[in-house]
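# Structural description and commentary
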Amino acid sequence: MVKRILLFFEQRSFGVCTYIGERLGISISKLRLFFIYTSFLAVGFPIIFYFLAGVVLDFRNYIKRMRHRLWDV
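Below is a summary of the structure that appears in this document. (Residues numbered from 1 in each chain as written. Predicted model: local features only at pLDDT ≥ 70, side-chain atom pairs only at ≥ 80, totals over all residues. Heavy atoms only, no water.)

### What about the environment of A53?
If you trace the backbone, A53 turns up in helix α4 (residues 45–72). Judged by relative accessible area, A53 falls into the buried class, the value being 15%. Considering only alpha carbons, one finds A53 and Y19, 34 residues apart in sequence, at a separation of 10.0 Å. (Helix = DSSP H or I, 4+ residues; strand = E, 2+ residues; numbered from the N terminus. Buried < 20%, exposed > 50% of the residue type's maximum accessible area, 1.4 Å probe, protein only.)

### Comments concerning helix α2 (residues 16–24)
Those residues of α2 not exposed but buried are V16, C17, I20 and G21. Buried positions in α2, seen along its axis, are confined to an arc of 120° and lie on one side of it. Seen from the buried face of α2, the exposed residues on the opposite side, beyond 90 degrees, are E22 and R23. G25 occupies a position one or two residues after α2 and carries a positive phi of about 75°. (Arc of directions from axis to C-beta.)

### A look at the side chain of S39
By the secondary structure assignment, S39 is in helix α3 (residues 28–41). Taking relative accessible area as the criterion, S39 reaches 13% and is therefore assigned buried. A polar atom in the side chain of S39 sits 2.6 Å from the backbone oxygen of I36. Excluding anything up to four places from it in sequence, S39 contacts G44, P46 and I47. (Polar contact = N/O pair within 3.5 Å; in protein donor to acceptor, adjacent residues only side chain to side chain. Contact = heavy atoms within 4.5 Å.)

Put into structure tokens, the structure is as follows:
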């Protein structure tokens, strides 16, 4: 049951922690814990940052897909 819940959230998350962890060389699980703990301490600011970063990453991926479509023609 726990694995199904984790799989659900990992598939539908924006991938912000994964992106930041790979770019900075930090463990993804430690980075996720950092976001969870700081969201309790900072009253939700990291959650706002996470969603904004997710939108930016989604937009970047959209632009990359459109760029590849233009050059494939």
